[in-house]
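Residue strings, one per chain:
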Amino acid sequence: MKISNRQLFWMIIMMEIGINLLITMTATIRSTKQDAWISYILAGIMALVITYIAARLSSRYPKQTLIEFSAAILGKWGGRLIVIPFILQWFWVMSLILRDEYLFIRLNVLYKTPDWIVIGTMIGVVLYTVYHGGLEAIGRVSELWGPILMIILALTFGLTFNNLNWPMLLPVYADTGPATIAGGALAPLSLLSEAVLLMMLFPFTDHPGKETRKALLLAVGFSSVILLFGVLWVLMTFGPAVGGRLQFPFFEMVKLVYLMEFIQNMDIFVMAVWLVCIFVKLSIHMFITSYGVAQWIGKTRSWKKLIWVVAPVTFILTMLVIKLNPPAGLLLKGVWVRYVLPINMIAIPVFLLAVSSFRHKRR
Amino acid sequence: MLSPDLAYNIERMKLEFLNCSDIMYRNCSIGGLDRATLIYVDGMCDVLAVDEFVLQPLFEHFRSSSRVDEEARKVELKDIFIPSLKISMAYETQQVIQAILRGETAVFTEGNAFVLLADLVKMEKRAIEEATSEKVVRGPRDAFMESLRTNTSLLRRRIRSSSLKLECMKLGRLTETEVVIAYMEGVVKEDLVKEVRSRLQKIELDGIIHSSNIEEYIEDNVFSPFPQIQNTERPDVAVSSLLEGKVVIITDNTPFVLILPMTYWSGLQAVDDYTDRYIYATFVRWIRYTFVHISLLLPSLYVALTTYHLQVIPTPLVVSIASAREGVPLPAVIEALIMEFIFEGLREAGIRLPQQVGPAVSIAGALVIGQAVVAAGIISTPMVIIVSLTGIASFAFPVYNLGTAYRMLRFPLLVAAGVLGFYGIVLFLIVLSVHMVTLRPFGVPYMAPYAPMSIRNLSDVLVRAPKSKMRWLLPWLAQGRTARFPKQTK
Amino acid sequence: MYRKMIALFLIAPLLLTGCWDRQELNDQAIVLGWGMDLAEDGQYLATANLVLPLASKSGGQQGGEQGGRSGFMTESAFGKNNRDAEQNMQRKLSRVLFPGHRRNIFIGEKLAQQGVFSILDEYGRSPKVRPRTNIFVVRGGTAQEAMSLAYQLETNPAIAVQKIQEKSGAPISRSLLDFYIMANGNGCGIMPALTILPPEVKTDKKSKNDSPPQTTLGLYGAAIFNSQLKLAGYLNYDEFWVRLWIANQLSARSFTTILSSIDADKPGGSAEDALSGATSGKTVTVNVDTFKSHITPVLDGGLPSFRILLEGKGYIEENDSPLNLSKQENVDKVEARMNQYLKARIEKVVKKVQKEFKTDIFGLGDTIHRRHPYRWKSLSADWETVFPGVELDIRVKLNITGTGITGESLLPTREGGEK
């Protein structure tokens, strides 16, 4: 079960772009108005730094996953303890993505189809992939669909070009301030930084090392650029006021494509590649969760059996989230930005890196 | 063991070949004494040659010969058949029986505990004809045929190199079918040949009737709808695959040779791609890719869009579709399923009909589907357009059995579209792509060189580059060296 | 293998119970247009324009017989708002109303005067509706009146007005979206306005096959909404392009002015001549296809003022004046005359907007906001009161790039010509 660096690149891109393009924009635009794009640049740079720290940490232990090297750094029990937030996060992410996916599907495509069908079929597909193909299949599917995603995004950007009204971006900076802009960057950053799960994927690349790091940084950088384009396009199409109120502004922007009376309604294609992105993200999480839990309980070999536990648990969690229906903004701001971003994505990797290099020096 | 007694030997042979009416016995009686008996299978040996090279020398020999010395007679007997190319001696009964069944002529002689076997096999075979299942506009016309040796000669004629290896083995407990594994030594990966050999040896069938028997036995995933071993009746296709480092399996009595491993893209490459000008070939290739996906997606897209996502169809189009569908009693999914069903039925009915009846089926089909059904208001006109377009598209596959895979997948996809609309289609496509990327016929990824990607091999996938630009073997097929030829300026 | 069988059995009930959202095309009434009017008792009257699928099956074998039926029908219902009215309408309809193609929304004049705040939300909320939608105010009438009118050139009047709008030189099919964006920016809004146009001269139908001009729907111009989103007034067909040009949205327009013989002698002359509308003079028409506007706010103490430079590029389409256009100086004369004429027209319209409507439909406030954001913070609060008094320095710079396929007219030289 090996993936190439290029496959890793595509996996990260699909994982980052899909959900980010859809759900983070509204929150950011609402708080930072026409300066949202500055927030996105900031978020991109920060995400690169976070990714670099995680990749640095991983390349110290190129043959080990996060679960293994945290035990190597902090000892058996310390290592196990410190990865608990990650395992919780992964479970949590899956159910949140599925919830968002369901909301989106219900709003745009299937209005009456019961939630368990939408969720269940998606989990079924993910389960098939992870069980049948493992990481290799995920990597190849990303490689297969990644270029298609890029073509469709390029088409979208190209075909909506004549809707753009650049003065909408003005005035720059004056209406907001450094604090607002930085605050606005948190939402996209918290999702972009999910790339730290590379610590689970790193040892699976066929030559973990400098090239892998490069691919990872490239992927995060590239997704940030695409997101930047996305937010610029949304701002210039809808302006900050309308853009900050639409629930899925990017998707609404795609609906505006109107060329020669017949090239319109690109949204269905965008939705297709978006669903593939969601699928890739879910599969990666399903894989690392099963694999991580298997390593955590010390039975790496039988990770495939754990999928049969992880999938139903995810299903139940998702149904719970749907039934309880916490507002999406609260989850993003209250949970993701407040806890997951500082703890899982910054504190723990930095702490592990520090301890690891300290021990290394002492030796 | 044979006995020196001729009558005893013949008796044993007759017992063995009881009720085999095609086994012929010819006695050479000289002076009322049976001196020798010839046994052969009628229709498998060259009668004229046997007359000239066996029978006549035999008579001469017995007439003139007087010596009784055992050893000398043996030598002498062998000598008299010198004009014949292949002559051997057998001492075992089983050996003799095998040889006779192969078509050789066995000569039993009085007083000798051995049999002379003259390989004067001449079976009825047709001449080399034009390939019927893979037509080309420009390219060689000859095709493989049933005779194994003719087929190997067709390969050898094209590759005059000693590194073309043709390993022979016999498969099938009862049929003893000869199978040849052909490969280019130095190009092919040795592991691949080893793997093919061992998989072939594992076959335990009573009989190999077609090469497809072998195909199903050595395939990696029998339950996949996709063919993982390509078959062709064109020697030029086989040869170009050999040069790409693939293995070709030739089976006796089958005009279709197997090429393995097959990749998805090789199923979409036609011979004409390489004879046309490369710009045009690239263009045609993209048309083919489009049609391939139309053949899979069009009916289900139509169903999904008209019954689930009406808002994405442009307004004027939706108005005209609505008008055309007015009064049609069936839901769109059922309509599509029925029409696809009828189309497949028509295709099936037409495919094996005698040539004289064929047009009748197509006329009935065209009339019934194209006209009456629409005029009666049972099926809508757009659906007929969709189905016929899909039908045409499903014939755009250069490799027939890849087309059948998509043709069959259309039905579950239609159901998925009917239940979950576009969401169902996307989920189905994801599952399909996962299945396709996890297929690894003989260790070569099915979607290679696209996923996993090997950028320099894309010159034969995304485009059809000029020959000088397609220098690279697939890395999964290559043995170390991946360049096929040195870089040239032109 | 068994596992696959089990999976199949699990999927089977899904298929049997499935199709929750499936809605056959012929079970849906496709709404192409939607109208809202204010009824006497404060309720809303909704009118829907529905496609009649049978009638649109024109051509082919059956076209002839059904010629009697038109391609659309209208249905109406009272309700407290859009959705309520839609539900009430549904009880009269055998098919489910499908709003996915509701690309045109008509608003009656009375409702517009009362304010569109109360109904406009649904058009941006419903997920089935496309954001690319036209919204029209029906001047001097109700939406129902306008929507019931058959249109001859198209089978459906809703499609007709959509196409009329597309040819008007304004941004295509995005008036609703622009309305939302504008209302969030300046606080005012603008919508295209339709009106019912009787034929200019009534001609009787003398035989069965005659087709004299009939009463039809036409574009009136633009309806202007103030910050309460109440109708403030209209700009007519000769005026609404001014706003589009200043807002940099105009894409095509022809301008016709008069070149009197005095003009032929000396460039300039009295602008009143041209504005008087007398057609006795010698007219020139310029078709302008490239428009550009530069608004520069001037803020030195006191009230802000604006310098507006309007540029355009076009060619002469018609020349009924005696000028010989093969001479460059004559083309320059046309250009100069045109600039003068346009400047006068534009100033008149701008004055009208400032004095009568008092709403900043030109986005001048936005310009200050964008160029001088810090000044805007103090200005924005009472911009509405400041706007009517701001000074505008308007300059028009037309660039005539061609004279059509002739320079000199094909007609023989006449009096006052050959200059």
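Residues numbered from 1 in each chain as written. Chains lettered and ligands numbered in written order. Predicted model: local features only at pLDDT ≥ 70, side-chain atom pairs only at ≥ 80, totals over all residues. Heavy atoms only, no water.

Under an unreviewed UniProt entry, the name given to chain C is Spore germination protein KC, and the organism recorded is Paenibacillus typhae. Quoted verbatim from the Subcellular location (unreviewed entry) field of the UniProt record, the comment on chain C reads "Membrane". (UniProt positions renumbered as here; feature names shortened; annotations may be inferred.)

The name recorded for chain B in an unreviewed UniProt entry is Spore germination protein KA, from Paenibacillus typhae. Under the UniProt heading Sequence similarities (unreviewed entry), the note attached to chain B is "Belongs to the GerABKA family."

S.K.: Go over the overall build of chain C, please, and point to the residues and values.
M.R.: In terms of regular secondary structure, chain C is built from 15 helices and 13 strands. Relative to its full complement of 419 residues, chain C shows a buried share of 52%. Counting only contacts in chain C whose residues sit at least 6 apart along the sequence, the fraction spanning at least 24 positions is 73%. On chain C, roughly 20000 Å² of surface is accessible, and the fraction owed to carbon and sulfur atoms is 52%. (Helix = DSSP H or I, 4+ residues; strand = E, 2+ residues; numbered from the N terminus. Buried < 20%, exposed > 50% of the residue type's maximum accessible area, 1.4 Å probe, protein only. Contact = heavy atoms within 4.5 Å. Areas by Shrake-Rupley, 256 points an atom, 1.4 Å probe, with all protein chains shown as cover.)

S.K.: So what about the UniProt feature "transmembrane region" (unreviewed entry) in chain B? Which residues, and what values?
M.R.: Residues and elements named next belong to chain B. Mapped onto this numbering, the UniProt entry annotates "transmembrane region" (unreviewed entry) at residues 286-308, 358-379, 385-402 and 414-437. Span residues 286-308 is 96% helix and 0% strand, its end C-alpha atoms 30 Å apart. Structurally, residues 414-437 comprises 100% helix and 0% strand, and the distance from its first C-alpha atom to its last is 22 Å.

S.K.: Lay out a nonpolar patch on the surface with the relevant residues and their values.
M.R.: There is a patch of nonpolar side chains on the surface, built from Ile41, Ile45 and Val49 of chain A and spanning about 240 Å² of accessible area. Within the element layout of this structure, Ile45 of chain A appears in helix α2 (residues 36-60). (Patch = residues over 30% accessible without salt bridge, like charges linked within 9 Å, V, L, I, M, F, W, Y side chains within 5 Å. Salt bridge = Lys/Arg side-chain N within 4 Å of Asp/Glu carboxyl O.)

S.K.: Can you tell me about the packing of α2 of chain A against helix α6 (residues 178-192) of chain A, naming the residues and giving the values?
M.R.: All names here are of chain A. At a minimum axis distance of 8 Å, the contact between α2 and α6 shows a crossing angle of 50°. Here α2 is positioned oblique relative to α6, judged by the angle of their axes. α6 is crossed by α2, and the crossing has right-handed handedness. Across the interface between the two elements, Ile38, Ser39, Tyr40, Leu42, Ala43, Gly44, Met46, Ala47 and Ile50 from α2 touch Ile181, Ala182, Gly184, Ala185, Pro188, Leu189 and Leu192 from α6. The residue inventory of the contact of α2 with α6, partitioned by class, reads 13 nonpolar, 3 polar and no charged. (Axes fitted to C-alpha atoms, helices over the stretch in contact; angles between N-to-C directions. Parallel < 35°, antiparallel > 145°, perpendicular 65-115°, else oblique. Left-handed = near helix turned anticlockwise from the far one by under 90°. Nonpolar A, V, L, I, M, F, W, Y, C, P; charged D, E, K, R; others polar.)

S.K.: Account for helix α5 (residues 115-159) of chain A, with residues named and values stated.
M.R.: Compared with the 66 Å implied by 1.5 Å per residue over 45 residues, the 34 Å span of α5 of chain A between its first and last C-alpha is markedly short. Within α5 of chain A, 33 of the 45 residues are buried, leaving the element largely enclosed by the surrounding structure. (Expected span 1.5 Å × (residues − 1).)

S.K.: Residue-level account of the interface of chain A and chain C, with values.
M.R.: Every contact between the two is made by 31 residues of chain A and, on the other side, 25 residues of chain C. A buried area of about 2600 Å², summed over both sides, lies between chain A and chain C, and 55% of it is on carbon and sulfur atoms. For chain A, the biggest contributors to the area lost against chain C are Lys255, Leu256 and Tyr258 of chain A; these three give 20% of the whole. If you look at where chain A meets chain C, you find 1 salt bridge. Among the ionic pairs, Asp267 of chain A bridges to Arg130 of chain C, the shortest N-O distance being 2.6 Å. Those elements that provide at least two residues to the side of chain A that touches chain C are α5, α8 (210-243) and α9 (249-255) of chain A. For the side of chain A that touches chain C, the leading source of residues is α8 of chain A, giving 4 residues. Here the side of chain A that touches chain C is composed, by residue class, of 17 nonpolar, 7 polar and 7 charged. (Buried area = accessible area lost by both parts, 1.4 Å probe.)

S.K.: Talk me through the packing of helix α10 (residues 278-307) of chain B against helix α15 (residues 400-438) of chain B; I want residue IDs and the actual numbers.
M.R.: All names here are of chain B. Relative to each other, α10 and α15 sit at 45°, their axes nearing to 9 Å. What the angle tells us is that α10 and α15 run oblique. For the pair α10 and α15, the sense of crossing is right-handed. From α10, Val292, His293, Ser295, Leu296, Leu297, Pro299, Ser300, Leu301, Val303 and Ala304 reach across to α15, where they touch Tyr406, Leu409, Arg410, Leu413, Leu414, Ala417, Gly418, Gly421, Phe422, Ile425, Leu429 and Leu432. Split by residue class, the contact of α10 with α15 holds 16 nonpolar, 5 polar and 1 charged.

S.K.: Tell me what's going on with the sheet that holds strand β7 (residues 177-184) of chain B, and back it up with residues and numbers.
M.R.: All names here are of chain B. If you trace the 5 strands from one edge of the open sheet to the other, you get β6-β7-β9-β10-β8, paired in antiparallel fashion. Only two strands of the sheet have a single partner each, and these edge strands are β6 (164-171) and β8 (230-232). Put simply, the sheet's adjacent strands are angled 25° from each other on average, direction ignored. Across 3 bridges, β8 lies against strand β10 (residues 257-260) in antiparallel orientation. What sits directly across from Asn231, in β10, is Leu258. (Pairing = 2+ DSSP bridges.)

S.K.: Kindly report on the pattern of salt bridges, identifying the contributing residues and their values.
M.R.: Residues and elements named next belong to chain C. Overall, the coordinates contain 41 salt bridges over all chains when judged by the stated rule. In this structure, Lys397 engages Glu311 in a salt bridge whose closest nitrogen and oxygen atoms are separated by 3.9 Å. Here Lys397, found in strand β13 (residues 391-402), pairs with Glu311, found in strand β12 (residues 305-319); they are 86 residues apart in sequence, far enough to count as distant. For Lys397, a relative accessible area of 46% corresponds to the partly exposed category. Judged by relative accessible area, Glu311 falls into the partly exposed class, the value being 25%.

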